[in-house]
Amino acid sequence: MKCAIIGSGLVGAATALALHQVGITCNLYDQIDLAQHSNADGAQVAVEFGETGGSVLLAANALRVIKALGLLDELVANSSPSPFATWHNIDGSGPLKLNTIAINARMEKDPQLHAPLQILRCKLHSIFMRACHQAGIRTYTSKKLVRVDDTPGSPVVAHFADGTTASADFIIGADGIHSSTRRAVFGSELKAQYTGVTGYIGVVDTAAHNIDVDGTCDFYLDRVKKQLVCTFKISDQISAIQVMTLGEPDEEETDGWRPLSDLPKHAARLADVLQGWGVPKSVEQMMRHAYRISPATIYDLPNLKTFHQGRVAIAGDAAHGMVPNAGLGLGTGLEDVGTILELFRHMPNLENLDTVLSLYSELRVPAATSNAQKSREMAQQSYSVSFFGPGLNNFLLKIAVFAFNRSWLPFYEIFDCPAEVAKKMESLKHK
Ligand SMILES: Cc1cc2nc3c(=O)[nH]c(=O)nc-3n(C[C@H](O)[C@H](O)[C@H](O)COP(=O)(O)OP(=O)(O)OC[C@H]3O[C@@H](n4cnc5c(N)ncnc54)[C@H](O)[C@@H]3O)c2cc1C
Ligand SMILES: *[C@@H]1O[C@H](CO)[C@@H](O)[C@H](O)[C@H]1NC(C)=O
C-alpha cells in the first residue's frame, strides 16, 4: 500500500514513521521552500526546516506514541522534565502550582512517562525527520497542495501548485490548522477562526545571561488587561518565552479585532513592554535576551464531524487545530498517529482501507473535540473577566488547579490507542 502525506510538520513526519512500521510506503510533501530557510539540506539528505518556533510540552499521551515510534530515548536525551505548571499574577505573586506528574500518574503505569517533557519544537522535528530519512521515507519540498482527485477505480491524486502530482492508495492531510487538504476535500467553509490573540515566541540562553529560572512551565497573567506571558525551561541552558495579548472586538477591522497593545517584533522593545506590564525582573530579562523571535497568531478550528472522506483522512491541527492554552494540541495530533498505527496493525491490507479510515475518524473525532473544548475553557480562564471582576475568575482557576492537583477533575484524558482500537475491533466482531 502507498500513502501520500501532505505536510511534514510534527504530525506528518510522525505519521510517516507509523505507516513505515506497518509496511506502508509513504512520501511526505510540504509547501515549505527550503531555499528560504537556514539549515537547508539537499533533497536526499534528512530534510530539516531550520530553527523556528519555541518549545512544546509533551505529556504522557504524546510520550506513549513517541515510544511506540521507537524515539523515546532520543527525546528524553534532548528535553527536560516539567513536573509543575504554575500560574501567577502578572507580577509573579499568588502562584498556583499544578502537579503535572500526579495528573499523568493517575492514568499511566510507566513512571518514565509521568513527567511531561519540554523540548524545542525544531529539535523534536529534526528527531522525527532524521528517523524518516533513516527509514528511507522521502520528503519533497515546495509542494503546495491545491486539489485532490479521488475518482473510484484509479489511485487518489494530490495536485500541487507547481503543476506536479502524486498518486497513492490514500492521502493523509497533516498540513496544519489552515489545511488545504481539509478545504479541498471536506469543504472550504471549514476554516480556522482568528481568536484575537497575537503574540511572539522567542528562545533565550539563560545560562549565558545568568538568568535564574525557577519554574519549568510558568504563566504570568493579567486578566483585566488580557496580557499573558509564558516561560518554559527546556534545559539548564535554554528557555522559551511567549508573550500574548487578546485584542478588543472591532467591527471596523478586517479580521474583527483591534489589538489592545501593539507588540513590537524586537526583543529589547518587547522587554520594555513587559516591564510596563509589571512582570518579574527575571521574566523581563529573559525577553530582553531572547532571539529568534517569531510571531504567533492564535486560531481556533471549529469542531469537525468527520476526519475522513473517501480515501483522504486528516490528522493533527488540520483536523483539530486548537487554542494553545491547555498545551493539548500536539498530544492530540500524536494520538491520531498512534490510532492510525494500531488500526493498520490490525488491518494491514488494502481491502480494509475504508474500514481503517472510517474507524480512525469514529475513534478520534470525539476525543479531539473534547481536548479542543478543554483548551477553549482554559483560554476563557486566562482572558475573560466575569461580571464579578477578575477576582471571580482567579477564584475559579484556583478551584480548578486545586481539583486537577487532587485528580478530582481530569485535566485531560489519555487516549489509549492500542486499547481503544482493540475495543473497536472487538465490537466489530460482534456486529
Ligand atoms: C503558540 C503555540 C504554542 C503551542 N504549545 C504547545 C504545547 O506546549 N504542547 C502541545 O501539545 N501543543 C502545542 N501547540 C500546538 C502544536 O504546536 C500543534 O498542535 C502542532 O504543531 C501541530 O502539528 P501539525 O503537524 O499538525 O501541524 P503544523 O506543525 O502546522 O505542520 C503543518 C505542515 O504542513 C505544511 N503545509 C501547510 N499547508 C500546506 C499545503 N497546502 N501543502 C503542503 N504542505 C502544507 C506546513 O509547511 C507545515 O510544515 C502550540 C501551538 C501554538 C500556536
Ligand atoms: C498541588 O500539589 C503540589 C504538590 O504535589 C503542591 O506543591 C501545590 O501547592 C498544590 N497546588 C494546589 C493549588 O493545591
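Residues numbered from 1 in each chain as written. Chains lettered and ligands numbered in written order. Predicted model: local features only at pLDDT ≥ 70, side-chain atom pairs only at ≥ 80, totals over all residues. Heavy atoms only, no water.

Visitor: Would you mind going over the pattern of salt bridges with me for this structure?
Guide: Two side chains of opposite charge can pair, provided their charged atoms sit close to one another. Inspection of every chain in the model, using the stated rule, returns 18 salt bridges. One salt bridge in this structure joins Glu 284 and Arg 288, with 3.1 Å as the shortest N-O distance. Here Arg 288 and Glu 284 lie together in helix α8 (residues 281–288), a separation of four residues that amounts to about one turn. The class of Glu 284 is buried, set by a relative accessible area of 4%. A salt bridge links Glu 420 to Lys 423; its shortest N-O distance comes to 3.6 Å. (Salt bridge = Lys/Arg side-chain N within 4 Å of Asp/Glu carboxyl O. Helix = DSSP H or I, 4+ residues; strand = E, 2+ residues; numbered from the N terminus. Buried < 20%, exposed > 50% of the residue type's maximum accessible area, 1.4 Å probe, protein only.)

Visitor: Any chance you could explain the sheet that holds strand β10 (residues 156–160) here in plain terms?
Guide: Two orientations exist for strands paired in a sheet by backbone hydrogen bonds: parallel and antiparallel. On the basis of which strands lie adjacent, the open sheet formed by three strands has the order β9-β10-β11 and antiparallel pairing. At either margin of the open sheet sits one strand with a lone partner, and together these are β9 (145–149) and β11 (165–168). Ignoring strand direction, the axes of neighbouring strands in this sheet form an average angle of 20 degrees. The pairing of β9 with β10 spans four bridges and is antiparallel. In the strand pairing of β10, Arg 147 is matched with His 159. (Pairing = 2+ DSSP bridges. Axes fitted to C-alpha atoms, helices over the stretch in contact; angles between N-to-C directions.)

Visitor: What is the right way to read the UniProt feature "signal peptide" (unreviewed entry) in the chain from this model?
Guide: Per the UniProt record, the feature "signal peptide" (unreviewed entry) sits at residues 1–16. Taken as a whole, residues 1–16 contains 44% helix and 31% strand, while its terminal C-alpha atoms sit 13 Å from one another. (UniProt positions renumbered as here; feature names shortened; annotations may be inferred.)

Visitor: Please explain the site of ligand 2 as it appears in this structure.
Guide: Ligand 2 sits among Leu 96, Lys 97, Asn 99, Val 401, Phe 402, Asn 405 and Arg 406. In the environment of ligand 2, an oxygen atom lies 2.8 Å from a nitrogen or oxygen atom belonging to the side chain of Asn 99. Alone, ligand 2 offers 360 Å² of accessible surface; in the complex the protein occludes 60% of this. Contributing elements (two or more residues each) for the shell around ligand 2: β6 (96–99) and α12 (390–405). Split by residue class, the shell around ligand 2 holds three nonpolar, two polar and two charged. (Near = heavy atom within 4 Å. Polar contact = N/O pair within 3.5 Å; in protein donor to acceptor, adjacent residues only side chain to side chain. Areas by Shrake-Rupley, 256 points an atom, 1.4 Å probe, with all protein chains shown as cover. Nonpolar A, V, L, I, M, F, W, Y, C, P; charged D, E, K, R; others polar.)

Visitor: How should the site of ligand 1 be read in this particular structure?
Guide: Around ligand 1 sit 29 residues in total, of which Asp 30, Arg 121, Ser 180, Asp 317 and Leu 330 are the nearest. Interatomic distance of 3.1 Å between a backbone N/O atom of Leu 57 and an oxygen atom of ligand 1. Gly 331 is positioned with one of its backbone polar atoms (N or O) 3.3 Å from an oxygen atom of ligand 1. Contact with the protein chains hides 84% of the accessible area of ligand 1, taken as 1000 Å² for the molecule alone. Of all the secondary-structure elements, those providing two or more residues to the shell around ligand 1 are α1 (10–21), β3 (55–58) and α10 (329–346). Looking at side-chain class alone, the shell around ligand 1 contains 13 nonpolar, ten polar and six charged residues.

Visitor: Even after reading the chapter, I still don't get the sheet that holds β3, so can you show me in this structure?
Guide: An order of β3-β7-β4 is seen for the three strands of this open sheet, with the pairing classed as antiparallel. What marks the edges here is a single partner per strand, and that holds for β3 and β4 (80–81). Two elements, β4 and strand β7 (residues 117–120), share two bridges in a ladder whose sense is antiparallel. Across the sheet, the residue bridging to Ser 80 is Gln 118, located in β7. This element, helix α5 (residues 121–134), spans β3 and β7 of the sheet and lies at about 85 degrees to β7. (Contact = heavy atoms within 4.5 Å.)

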